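Structural characterization, general
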Amino acid sequence: MAIQSPDRATAAPVTNDLAARAPEALRPLYHVDDALQPLYETIADCPNCILARTRSRTVPGSGPVTADLMFVGEAPGQREDELGLPFVGRSGQFLDELLAGIGLTRRDVYVTNVVKCRPPSNRDPEPAEITACGDYLEQQIAMIQPKVIATLGRFSMARWFPNAKISRIHGQTKRLGDDRYVIPMYHPAAALRNGSLREVMHADFAKITPLLRGEPLTSPTASPAPSEGAPNLNAPSAGAPTPPAPPTGSQSGSLL
Ligand code: SF4
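Here's what I pulled together on the structure shown here. Note that the structure is a prediction, hence the values are computed from the model and not measured.

What counts as what
Residues numbered from 1 in each chain as written. Predicted model: local features only at pLDDT ≥ 70, side-chain atom pairs only at ≥ 80, totals over all residues. Helix = DSSP H or I, 4+ residues; strand = E, 2+ residues; numbered from the N terminus. Buried ≥ 20, exposed ≤ 12 C-beta atoms within 10 Å, placed from the backbone. Contact = placed C-beta atoms within 7 Å. Near = placed C-beta within 6 Å. Nonpolar A, V, L, I, M, F, W, Y, C, P; charged D, E, K, R; others polar. Pairing = 2+ DSSP bridges. Core = buried A, V, L, I, M, F, W, Y, C linked by C-beta atoms within 7 Å.

**What about the overall build of the protein chain?**
- Counting secondary structure elements, the protein chain contains ten helices and five strands.
- The proportion of buried residues among the 256 residues of the protein chain is 43%.
- Of all intrachain contacts in the protein chain linking residues separated by at least 6 positions in sequence, the fraction that spans at least 24 positions is 77%.

**Some remarks on the site of the ligand**
- With respect to spatial proximity, 13 residues lie near the ligand, and among them Cys 46, Cys 49, Ala 52, Cys 117 and Cys 133 are the closest.
- Residue contributions to the shell around the ligand peak at three residues, all from helix α5 (residues 127-144).
- Partitioned by chemical class, the residues of the shell around the ligand number nine nonpolar, two polar and two charged.

**With respect to the sheet that holds strand β5 (residues 181-185)**
- One open sheet accounts for five strands, arranged β2-β1-β3-β5-β4; its pairing is mixed. Single-partner strands in this sheet number two, and they are β2 (110-113) and β4 (174-175).
- Alignment of strand β3 (residues 148-152) against β5, held across five bridges, turns out to be parallel. Within the sheet, the bridge partner assigned to Ala 150 lies in β5 and is Ile 183.

**Observations regarding the nonpolar core**
- Core analysis: the biggest nonpolar cluster contains 59 residues, and Met 70, Val 109, Val 114, Cys 133, Val 148, Ala 150 and Ile 183 have the highest contact counts within it.
- With seven residues, α5 is the single largest residue contributor to this core.
- Every residue in contact with Met 70, bar those within four places of it in the chain, is listed here: Val 109, Tyr 110, Ile 144, Pro 146 and Ile 149.

**Brief notes about the environment of Cys 117**
- Looking at the secondary structure, you find Cys 117 in the loop between β2 and α5.
- For Cys 117, a count of 31 C-beta atoms within 10 Å translates into the label buried.
- Counting along the chain gives 37 residues from Cys 117 to Glu 80, while the straight-line C-alpha distance between them is 9.1 Å.
- Setting aside residues no more than four positions away along its own chain, Cys 117 makes contact with Leu 51, Ala 52, Arg 55, Thr 58 and Pro 76.

**Topic: unusual backbone geometry**
- The residue Ser 121 is not glycine, and still its phi comes out positive at about 55°.
- Among the secondary structure elements, Ser 121 is positioned in the loop between β2 and α5.
- Look at Ser 121 and you get exposed, because 9 C-beta atoms sit within 10 Å.
- Residue Asn 122 is not a glycine yet carries a positive backbone phi of 60°.
- Relative to the elements of secondary structure, Asn 122 occurs in the loop between β2 and α5.

**Brief notes about the pairing of strand β1 (residues 69-73)**
- Across the five residues of β1, five count as buried, placing the element largely inside the fold.
- Residues of β1 alternate between two faces, with Leu 69, Phe 71 and Gly 73 on one and Met 70 and Val 72 on the opposite face, all of them buried.
- Relative to β3, β1 is paired through four bridges, and the arrangement is parallel. In the sheet register, Val 72 faces β3, and the bridge partner there is Thr 151.

And the structure:
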């Protein structure tokens with residue numbers, strides 16, 4: 001039962017009806033494993049930040065709870081808000097292309113965002129919204145236990161690489177504990193705006209396959225070495241990521 005509030009829109013949970021109306025290619029993405037269902041239902045009723053007032057429906061994530069590879073993007077857009085699925089617009093189409101390049105499909109991976117509700121007019125998520133939604137991401141990571149977390153864009157990157165610049169560290173890996181890696185990537189929308197990033201993203205995606213096999217890269221190749229004061233990407237860090245330093249000064253819609 002949704003918690004009613006006079007000052008927010010009631011979230012429309014993902015339903016079989018919604019899946020039936022969705023394009024056929026997307027319908028398999030509506031499957032939710034039993035282990036994830038209670039969390040999805042909690043998110044569907046979440047009133048914890050201002051985005052609850054304007055969303056059409058929550059977008060908790062898609063993919064199997066057994067996925068070894070997890071993508072964490074920024075926030076749902078208009079199409080995602082309509083369909084209740086992450087990365088189903090043009091960015092999602094490019095994500096599908098990138099996955100195909102390494103022999104995977106959306107059904108092989110888990111995809112979510114740092115906030116589960118669409119910011120109005122596709123503005124950047126605010127630090128308070130990312131913080132409010134952070135526990136859901138933590139629960140997803142705890143349940144899925146991915147071998148590799150690929151961040152898409154600077155907002156999810158900031159969760160594991162505070163104050164880093166994506167142009168400097170994309171494609172470089174960082175160990176999280178003994179058996180998990182995080183690899184920052186550009187957001188697919190950035191490559192749609194700047195075509196030169198398409199090949200960069202394909203090259204960064206190619207680094208995922210050895211990580212999934214447990215073969216960490218020994219030397220970064222796609223980016224300049226981090227300068228003094230930049231994060232040491234090869235040093236193991238605690239398994240639980242540190243909450244992000246709130247991104248500041250961001251431009252609306254900027255994914256770099
Ligand atoms: S963005 Fe996250 S914290 Fe905010 S209302 Fe949606 S689910 Fe809740």
